[in-house]
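# Notes for the structure review
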Amino acid sequence: MYPLRWMPRLTLLAMLGPVVAGLLGALAPAFGWMPAIGAQRLGFQAFESVLNWPGFATATRLSLTTGLLSTGISLGIVALIVAGWNGTRAFEALRRLLSPLLSIPHAAAAFGLAFLIMPSGWILRLLSPWATGFERPPDWLVVQDPWGLALVAGLVVKEVPFLLLMTLAALPQTQESKARAVSAALGYSKIRGWLITVFPQIYDQIRLPVYVVLAYAMTVVDVALILGPTTPSTLSVQILKWIGQPDLSFRLWAAAGGIIQLLLVIGALGVWRLGEIALGRWARRQVVQGHRGRFDKTLQVAGLTLGAFIAGAVLFGLLSLALWSVAGLWRFPDLLPDALTWRTWQRHGGNLTELFARTSFIAGTSAALALALSLACLEAEARFGMKNATRTLWLLYVPLLVPQTVFLPGLQTGMIAAGVVGGTGAVILAHLVFVLPYVFLSLSDPFRALDPRYAVIAQALGKGENAVFWRLRVPLLLTPILTAFAVGFAVSVGQYLATLLPGAGRVSTLTTEALALASGGDRRAIGAFGLMQTFAPIVPFVFAVFVPRLIYRNRRGLLNG
Amino acid sequence: MDRGLSLKEVEIFKSGYRLLGCDQEIAPGEVLTVMGPSGVGKSTLLSFIIGTLGSDFDAKGEVWLDGRNITQTPPRERRVGILFQEDLLFAHLSVAQNLAFGLTSKVKTRKDRKERITQALSEIGLEGFANRDPATLSGGQKARVSLMRMLLSEPCALLLDEPFSRLDAALRAQMRSLVFDTARARALPVVMVTHDKEDAKAAGGALMEIVPT
Amino acid sequence: MKHLLWAGALSLFTTPLLAQNPDPADWSSVTEAAKGQTVYWNAWGGSTTTNAFLDWVGSRVSEDYGVTLEHVKLTDTADAVSRVIAEKSAGKDDDGAVDMIWINGANFANMKEAGLLFGPFAESLPNWSVVDVDGKTVQTDFTVPTDGYESPWAMAQVVMMYDSARVSPQPSIAALGAWAAENPGRFTFPQPPDFLGSTFLKQALIDLSADMDALQAPAGDNYEDVTAPLWAFLDDLTPNLWRAGRAYPATGPQQLQLITDGEVDYAVSFSPGEASAAIANFQLPDTARTFVFDKGTLGNASFVAIPYNSGSKEGAMVVANFLMSPEAQARAQDPNVLGYGTVLDMAKLTAPERAAFDALELGVATLTPAELGTALPEPHPSWMTRISEDWSARYGVLAK
């Protein structure tokens, strides 16, 4: 099968081509070249303008701090939860609560969180006026605070489920239960023992996802628009604002800001890597000291509480979205609306159905394509032992590490030139760029972790490569494959810029419509669209959970993993 | 030699340096025991014989089986069976389906295949286990299913990669005699990689020690 | 002669495909060509009521002219501008993605200047004959002559919304500032450079400034002097704003929720009918009302323009013409639908057409045309641009 041998290279080309083209499309205007608006003077003027923009230092610092903080906190919470509770019933319950959150689009989760924590939000309504005495919401700067703490909270709420899922996927490749037993026997506390023996192995496997989380958190637009500060905003939001300026010369600022944003992400990844090394050294010295660990109970309780709080925040946030979507007049401090009405749903119903179908079609197609390409790459790797060829597959993560605000506008120009703009096909191809890495990310570890001796045995039993693939790998990996598809589906549903630009605005999905409505601040419409946006990707996740259970109801070895 | 397994002037290299060399003939029913410390390349020799040597290795020499030079033959056509220390039963298949996966395609009709599998199950004392989930079997039962699955593919030689090391003492003795008796009965040449001197003693054949270079 | 030739050749490049462009004066061939076309109307999609109105327009032009109208919902009009720019960069000079844009002010000035618009067409449309060209500012857009490159479809005027259960109208910007000093944290405006936020700044400037005429010319050396009272006012006001001016609502409609929640008491709007529509939509309490300042408030028109590379220019012109029809205008003015002011001259309409307007009930929170008074003219776009830039530098970036 020669074509298979070429799959990794083909896949890379398909994924990196758009990014490279988009980057080139951003570099030119950053250095002053954009003939469409009459800019033809090469130089550093745009960079100078951005650096001299009064908010530059603050916006840059905000991007860095919110990114690093939210990533660090998310990773810490995940480690605490898994270290303190894996294998217990509480952990199972928490995992079941948190896993579905993965599929919830960032924007919907952020809206839900905002509806809870803002001064007119549910938490204060619950306590007012009887406990707080507030007849009107207090003038507290809880959401959009200048330090970006609400933004950090919004990111943590979404990244903890993601990192938890990645960690759980990596766990079977470690000898966790043995390591726990050994460290417990040596007198180590549960959490310290886990951190010393298991976490380093886990981290090795989830390093790329962590980097992706960091890059994402630093460049996120939708969550930052909802929860982030505005005086000034984070750099990525500011870039979007520059793109939106009526004065067209700000496009050059936006392009230069994008390049700076890219350098910032690279710098932050470097800082993070250095942090990894330093922490590793420090930890090794600590290990040699042989401290057995203290505060075990406190840390365990903290981990569980934080996890439960996150799950609760998102679930109650979604509940408030649902309630807003059927609310009549609903004033502060009323805990519930004066009246319930279907009017919002009736008004948007037809549109929602159509959008739901189109969103699902785009997501299903791009996720299926991504799954096919990922499986082909991994199979080629397994079949031909293409270790060197596939090492370069880390390049697949480039689209996730390069800020979207940098390369998507450039890509749009390129796609128009190639004549592929404005259709569902163009949107699917653009989504593929972002969907494929996540699908590959979620599939590659389980695929590679599958004992290679299964294939040896099958071949010794007289079976060919294709039989090994279809009769062993695919069925043995059914759960990870369906999960990878669901992850890809969810990623596609959440795409905003990657739908707007290649579709030339003509291809609208639940997400583009939700964000268009969000700018109007109509909580009822936001509630309805946020809810639909949440519901769409849950369907494939439900399949990923229940189909293997149905097929393998009699196969313990596959269900307990 | 017409029958049996010959390793002719086999040398295996990893990134340029020589890992091991081997020049042996194993007659039908005989066992060649390969011993040596961990990481010395014992399993690599088995990979070479079976045809799944990784691309980071180089090998010289030839493998002959029953008068055929199989050095360049694809693994699926070599007819060399292998057993590992883990049973490696396919978790998504029932016990009978695991056996059917191994059963040679020479047995054609559905009825014949089913009969052959029922017979095989009784040979290993697992009558009535056809539809069982392999995950519900005991260690000894799994080992026997694994052995039978391999035998059903009618191999011409047998490779054992520390096959008994995970079994407890009583089971180990039982499995040893089952495997070696079967090999002798079917006149299969055997190459066994092991740490365990007891294994070597029970096998009773030639012993080859690999020393680290 | 040589120069003329060059100019001719150049104009071939700067106005591509001129030969294929439709002639709006030949209306029957325009409607003929429009049949079956799909028009992608790029318009802000943040308002549920506007979206519903655009849907209705789509069903009507489909019935009458066989034109399919697709509303491309924007978060920002500049998105559509970017799209046209991207297409021009890529050399896609025909059948572009954008057929029509809801536009005015700086976006229009920029697109017109960059040669990104088709036209002139507006004043050749049949319904132009009933447009109130004398009484309403439909031929200039923020003082920039429209020259027929955009056609008007709604009049807007600044009003202030408030909850009459809590507060009363304020006669002037200065009075509003004084009220805010006594009631800190209860007033805010959308963060400039948001359109409505910038409009509030302009309104404040006009209300505080002695020299209104200066604003009709481009901002020049007089900028510092003219705007000084504005900055003095804002320096006092900002610490008394909602969240002490450390956060702002992103857009106009977000203020509705703030009033309903009781977080703020006054909010700026550019649509006299918005409050009534929001009450009907549960977005405002039924005690919400509107007022204008004693010296009057800013007004302008909303337009639609057609990009130079639209592939459905005929269809877009049909839609633009329909938007100026008495039928569409009466519906847009209905406070239960949009509550937008009409661009038509009542005197030019037939009696039954006029009756449709007279039959409209204004809505509980909507001021009568007499109460609204004459709208003050928009300053030249350069003022808005400089003021919102300045505002961002002064208040949009907190120290530290």
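Residues numbered from 1 in each chain as written. Chains lettered and ligands numbered in written order. Predicted model: local features only at pLDDT ≥ 70, side-chain atom pairs only at ≥ 80, totals over all residues.

## Let's talk about the overall build of chain B
The helix and strand inventory of chain B stands at six helices and nine strands. Taking the principal axes of its C-alpha atoms as reference, chain B extends roughly 50 × 40 × 30 Å. In chain B, buried positions account for 42% of the 213 residues. Considering only residue pairs separated by 6 or more positions, chain B has 73% of its internal contacts joining residues 24 or more positions apart. (Helix = DSSP H or I, 4+ residues; strand = E, 2+ residues; numbered from the N terminus. Buried ≥ 20, exposed ≤ 12 C-beta atoms within 10 Å, placed from the backbone. Contact = placed C-beta atoms within 7 Å.)

## A closer look at the sheet that holds strand 8 (residues 266–269) of chain C
Sheet strands pair by backbone hydrogen bonding; their relative direction is either parallel or antiparallel. Residue and element names in this part refer to chain C. The antiparallel open sheet is built from three strands, whose spatial order is 8-7-9. Only two strands of the sheet have a single neighbouring strand rather than two, namely strand 8 and strand 9 (288–291). Averaged over all neighbouring strand pairs, the angle between strand axes comes to 30°, with direction disregarded. As defined by bridge partners, strand 7 (residues 159–163) adjoins strand 9 across four bridges and the pair is classed as antiparallel. Note on strand 9: the bridge partner recorded for aspartate 163 is alanine 288. (Pairing = 2+ DSSP bridges. Axes fitted to C-alpha atoms, helices over the stretch in contact; angles between N-to-C directions.)

## What about helix 5 (residues 106–117) of chain A?
All names here are of chain A. Its twelve residues give helix 5 an end-to-end C-alpha distance of 16 Å, which sits within 8% of 16 Å, the value for a rise of 1.5 Å per residue. For helix 5, the tally of buried residues reaches twelve of twelve residues, placing the bulk of the element in the interior. Among the residues making up helix 5, those that are buried are His106, Ala107, Ala108, Ala109, Ala110, Phe111, Gly112, Leu113, Ala114, Phe115, Leu116 and Ile117. (Expected span 1.5 Å × (residues − 1).)

## Considering the interface of chain C and chain A
On the side of chain A, 51 residues touch chain C, which itself brings 56 residues to the contact. Top element by residues in the side of chain C that touches chain A is helix 4 (residues 77–89) of chain C. It accounts for nine residues. Split by residue class, the side of chain C that touches chain A holds 23 nonpolar, 21 polar and twelve charged. (Nonpolar A, V, L, I, M, F, W, Y, C, P; charged D, E, K, R; others polar.)

## Considering the nonpolar core
Core analysis: the largest hydrophobic core is formed by 361 residues, its most contacted members being Val439(A) and Val319(C). Here Val439(A) is in contact with Ala367(A), Ala370(A), Leu371(A), Ser374(A), Ala484(A), Val487(A) and Gly488(A), once residues within four sequence places are set aside. (Core = buried A, V, L, I, M, F, W, Y, C linked by C-beta atoms within 7 Å.)

## Topic: the interface of chain A and chain B
Residue-level contacts link 21 residues of chain A with 23 residues of chain B. Among the secondary structure elements, those contributing two or more residues to the side of chain A that touches chain B are helix 20 (452–460), helix 21 (465–476) and helix 26 (556–559) of chain A. Per element, the largest residue contribution to the side of chain A that touches chain B is six residues, and it comes from helix 20 of chain A. Tallied by class, residues from the side of chain A that touches chain B come to ten nonpolar, six polar and five charged.

## Observations concerning the packing of helix 15 (residues 343–384) of chain A against helix 22 (residues 478–494) of chain A
Residue and element names in this part refer to chain A. Two elements in contact, helix 15 and helix 22, have axes separated by 8 Å at closest approach and are oriented at 135°. Between helix 15 and helix 22, the angle falls in the class oblique. Between helix 15 and helix 22 lies a crossing of right-handed hand. Taking contact as the criterion, the partners of Thr359, Ile362, Ala363, Gly364, Ser366, Ala367, Ala370, Leu371 and Ser374 in helix 15 are, on helix 22, Ile481, Ala484, Phe485, Gly488, Phe489, Ser492 and Val493. Grouping the amino acids of the contact of helix 15 with helix 22 by side-chain chemistry returns ten nonpolar, six polar and no charged. (Parallel < 35°, antiparallel > 145°, perpendicular 65-115°, else oblique. Left-handed = near helix turned anticlockwise from the far one by under 90°.)

## As for the environment of Pro119(A)
Within the secondary structure layout, Pro119(A) lies in the loop between helix 5 and helix 6 (122–127). For Pro119(A) and Val198(A), which are 79 residues apart along the polypeptide, the C-alpha to C-alpha distance reads 42 Å. The contacts of Pro119(A), once residues within four sequence positions are left out, are Leu124(A), Pro137(A), Pro138(A), Trp140(A), Val142(A) and Glu263(C).

## Looking at the confidence of the model for chain B
For chain B, per-residue confidence averages 89 on the pLDDT scale, and 99% of positions sit at 70 or higher. Interface predicted TM-score (ipTM) for the complex: 0.90; the corresponding pTM is 0.80. (pLDDT = per-residue confidence, 0-100.)

## Focus on unusual backbone geometry
Glycine aside, the phi torsion of most residues is negative, and most peptide linkages are trans. For the peptide bond that leads from Ser128(A) to Pro129(A), omega is -10°, which places it in the cis range. With respect to the helices, strands and loops of the structure, Pro129(A) is situated in the loop between helix 6 and helix 7 (149–170). Thr231(A) connects to Pro232(A) through a cis peptide bond whose omega is -5°. Structurally, Pro232(A) can be placed in the loop between helix 11 (222–227) and helix 12 (235–243). The phi dihedral of Glu162(B) falls on the positive side, at around 45°, and the residue is not glycine. Mapping Glu162(B) onto the fold places it in the loop between strand 7 (157–161) and helix 5 (169–185).

## Observations concerning the pairing of strand 7 of chain B
All names here are of chain B. Burial runs high along strand 7: five of the five residues are buried. Burial of the side chains of strand 7 extends over both faces: Ala157, Leu159 and Asp161 are buried on one face and Leu158 and Leu160 on the other. Bridging between strand 6 (residues 80–83) and strand 7 involves four bridges; their strand directions are parallel. The residue bridging isoleucine 82 from the neighbouring strand is leucine 159, located in strand 7. Here strand 7 runs beside strand 8 (residues 190–194); their pairing, made up of four bridges, is parallel. Counterpart to leucine 160 in the pairing with strand 8 is methionine 192. After leaving strand 7, the chain enters helix 5 and then returns to the sheet as strand 8, a path that is right-handed. (Right-handed = clockwise from strand over helix to strand, strands pointing away.)

## Topic: the sheet that holds strand 1 (residues 5–14) of chain B
All names here are of chain B. Spatial ordering of the open sheet is given by 2-1-4-5, a layout of four strands whose pairing is antiparallel. Lying at the two open borders of the sheet, with one neighbouring strand each, are strand 2 (17–26) and strand 5 (68–69). Where strand 1 lies against strand 2, eight bridges are found, and the strand directions are antiparallel. Residue pairing across strands places leucine 5 opposite isoleucine 26, the latter belonging to strand 2. The sheet strands contacting helix 1 (residues 42–50) are strand 1, strand 2 and strand 4 (57–65), and the helix crosses strand 1 at an angle near 120°.

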